[in-house]
Amino acid sequence: MVVGDVSTGTDVAVVGGGPGGYVAAIRAAQLGLDATLVEMDAYGGTCLNYGCIPSKALITATDVAHNAGNSEEMGIYADPDVDFGEMVAWKDGVVDQLTGGVEKLCKANGVNLMEGRAEFAGNDKLRVVHGGEGQGSETIEYEHCIVATGSRPIEVPGFGFDADPVLDSRQALAMDELPDSIVVVGAGYIGMEISTVLAKLGVDVTVVEMLDEALAGYPDDLTQPVKQRAEALGIDFEFGLAADSWEGQDDGIVVTAEDEDGEITEFETDNVLVAVGREPVTDTLNLDAIDLEPNEDGRLETDDQARTAVENVFAIGDVAPGPMLAHKASKEGQVAAEVAAGEPAALDYQAIPAAVFTDPEIATVGLTEDEASAEGFEPAVGTFPFRASGRALTTGDSDGFVRVVADEESGFLLGAQIVGPEASELIAELGLAIEMGATLEDVASTIHTHPTLAESTMEAAEHALGHAIHTLNR
């Protein structure tokens, strides 16, 4: 029997249960609004289920095995036996624990959970199509709607994800058996993170990138240690090539790539991972019903309160302008919920950190030296190399550095860049410093625990002031 359309009402309808959507729904409920969260796949979204969390779990697990087997300089001789099936099971357990936690948090805060695909059905109205035969649909009338539908992997022509040997990042992270070899199309953060994991597990990895460098968009001195470490792991980089097609053969596949002169290169491999980026998901929303149109990037333009051109419709996360970062989405979700509740909230993007979980890690926040100069500042720059850090040396991982950028005249911190051990953790202190308007003197005069990696931020600030103790002042 087909269930007919039923209608319900809510103060705030949130479309998408990722790190932006579920945070928005919980915050709205905390502020006394009736909040309904619609999710068509899995609570926690791509980040929790198919991206951030499973990838970091595998990165951690492979690091344990790799470090154990490569610590002879410490007097440790080991040949770890990795059971990849058990590793995947552990990773899946972490994901299941967190997804279950999201659902419990939503229910505990009074959020109404609804499974299905939502689309606009007119002003102040959503239609939710429930999955499964005979499940019907449901109409939600809302006062405010927060769009948090996230993003999906970009397909490359000739490499459809429905073909068995062609993987997107979600499929790569869900493998239960390792291939002997893989071609990774794209040297961005997703491609580089997964390539590193697979290389440490013994997979023969070739990265094909149409640009001339890995991790384009980050300064060269941040990416060089990552590329050098990747090459030491056996990863082969093929720059200046665009993946063109693939075809099967008796034993695996052949991937064809072409350079700008039309010269063809072929790669024999077992699988190909396409990791050229992600695109926002807005085409499922029937935006015509509310006269809302995405921009040329497929995103919904917003103001500093996350509002779209339709006053009671907000857009957050990957469907809104700006970097596709889970923590950005969460903050936008909080602000959108607070604005919907009548609170005087607004977004401030000056201190959004970003991290790449490669080996070594990269993390940035605020302005680079060039960006500071372009905005009219006279930058003061300080750097501290991890090879001068006692704690870094005791971990056996001393590649990289911490760099801080400040305004010469006022001393206010403007940005920071880190490549090295625990960069993703260290950047938080510098993000807070920028957010609170701290100066170089504030950071330098703050006593840091010794011996720690965090001392490197203090040392970099002292270097910018010209009185570094543990590195040469230049």
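Here's what I pulled together on the structure shown here.

Definitions and limits used
Residues numbered from 1 in each chain as written. Predicted model: local features only at pLDDT ≥ 70, side-chain atom pairs only at ≥ 80, totals over all residues. Heavy atoms only, no water. Helix = DSSP H or I, 4+ residues; strand = E, 2+ residues; numbered from the N terminus. Buried < 20%, exposed > 50% of the residue type's maximum accessible area, 1.4 Å probe, protein only. Lys, Arg positive; Asp, Glu negative; His and termini not counted. Salt bridge = Lys/Arg side-chain N within 4 Å of Asp/Glu carboxyl O. Polar contact = N/O pair within 3.5 Å; in protein donor to acceptor, adjacent residues only side chain to side chain. Contact = heavy atoms within 4.5 Å. Disulfide = S-S within 2.5 Å. Pairing = 2+ DSSP bridges. Axes fitted to C-alpha atoms, helices over the stretch in contact; angles between N-to-C directions.

1. With respect to the side chain of Arg-299
Here Arg-299 is to be found in the loop between strand 16 (278–280) and strand 17 (313–315). For the buried Arg-299, which has no salt bridge, the nearest side chain bearing the opposite charge is Asp-297, at an N-O separation of 5.4 Å. Among the polar contacts listed, one links the side chain of Arg-299 to the backbone oxygen of Ala-320, at a separation of 2.9 Å. Among residues more than four places away in sequence, those in contact with Arg-299 are Pro-280, Pro-294, Asp-318, Val-319, Ala-320, Pro-321, Gly-322 and Met-324.

2. Examining the state of the cysteines
Enumeration according to the criterion identifies one disulfide in this entry. Disulfide pairing places Cys-47 opposite Cys-52 at an S-S distance of 2.4 Å. Measuring handedness by torsion sign, the sulfur bridge of Cys-47 and Cys-52 sits at about -125° and is left-handed. Of the residues examined, Cys-52 reaches a relative accessible area of 31% and is grouped as partly exposed. Lacking any disulfide linkage, Cys-106 is separated from the closest cysteine sulfur, that of Cys-47, by 15 Å.

3. Focus on the sheet that holds strand 11 (residues 236–239)
Strand order in this open sheet of five strands is 8-15-9-10-11, and the pairing throughout is parallel. Because the sheet does not close on itself, it has two edges, and the strands there are strand 8 (166–167) and strand 11. Of the strand pairs in this sheet, strand 8 and strand 15 (residues 271–274) are connected by two bridges, and their pairing is parallel. Each residue of the ladder has a partner; that of Leu-167, found in strand 15, is Leu-273.

4. What to know about the sheet that holds strand 22 (residues 413–420)
The strand order across the open sheet built from five strands is 18-19-22-21-20, with neighbouring strands paired in antiparallel fashion. With one partner strand each, in any of the chains shown, strand 18 (354–356) and strand 20 (379–385) form the two edges of the open sheet. Within this sheet the neighbouring strands show an average axis-to-axis angle of 10°, counted without direction. Judged from the three bridges that link them, strand 18 and strand 19 (residues 361–366) form a sheet pairing that is antiparallel. Within the sheet, the bridge partner assigned to Val-356 lies in strand 19 and is Ile-362.

5. Here we look at helix 13 (residues 455–465)
With ten of its eleven residues buried, helix 13 lies for the most part within the structure. Turning to helix 13, its buried residues are Glu-455, Ser-456, Thr-457, Met-458, Glu-459, Ala-460, Ala-461, Glu-462, His-463 and Ala-464. Packed against the buried residues of helix 13 are strand 20, strand 21 (401–407), helix 11 (423–436) and helix 12 (440–445). Looking one or two residues beyond helix 13, the residue adopting positive phi is Gly-466, at roughly 90°.

6. Quick look at the pairing of strand 12 (residues 242–249)
The two faces of the sheet receive side chains in turn, since in a regular strand these alternate between them. Sheet topology places strand 12 next to strand 13 (residues 252–258); seven bridges connect them, and they run antiparallel. Looking at the pairing, Glu-247 lines up with Val-254 of strand 13. Between strand 12 and the antiparallel strand that follows it, strand 13, lie two residues.

7. Brief notes about unusual backbone geometry
In this structure, Pro-360 follows Asp-359 across a cis peptide bond, with omega equal to -5°. With respect to the secondary-structure elements, Pro-360 resides in the loop between strand 18 and strand 19. Cis geometry marks the peptide bond from His-450 to Pro-451, where omega comes out at -5°. Its identity as a non-glycine residue notwithstanding, Asp-124 has a phi of 65°, on the positive side. Topologically, Asp-124 is positioned in the loop between strand 4 (117–120) and strand 5 (125–129). Even without glycine at this site, Leu-215 takes up a positive phi of about 55°.

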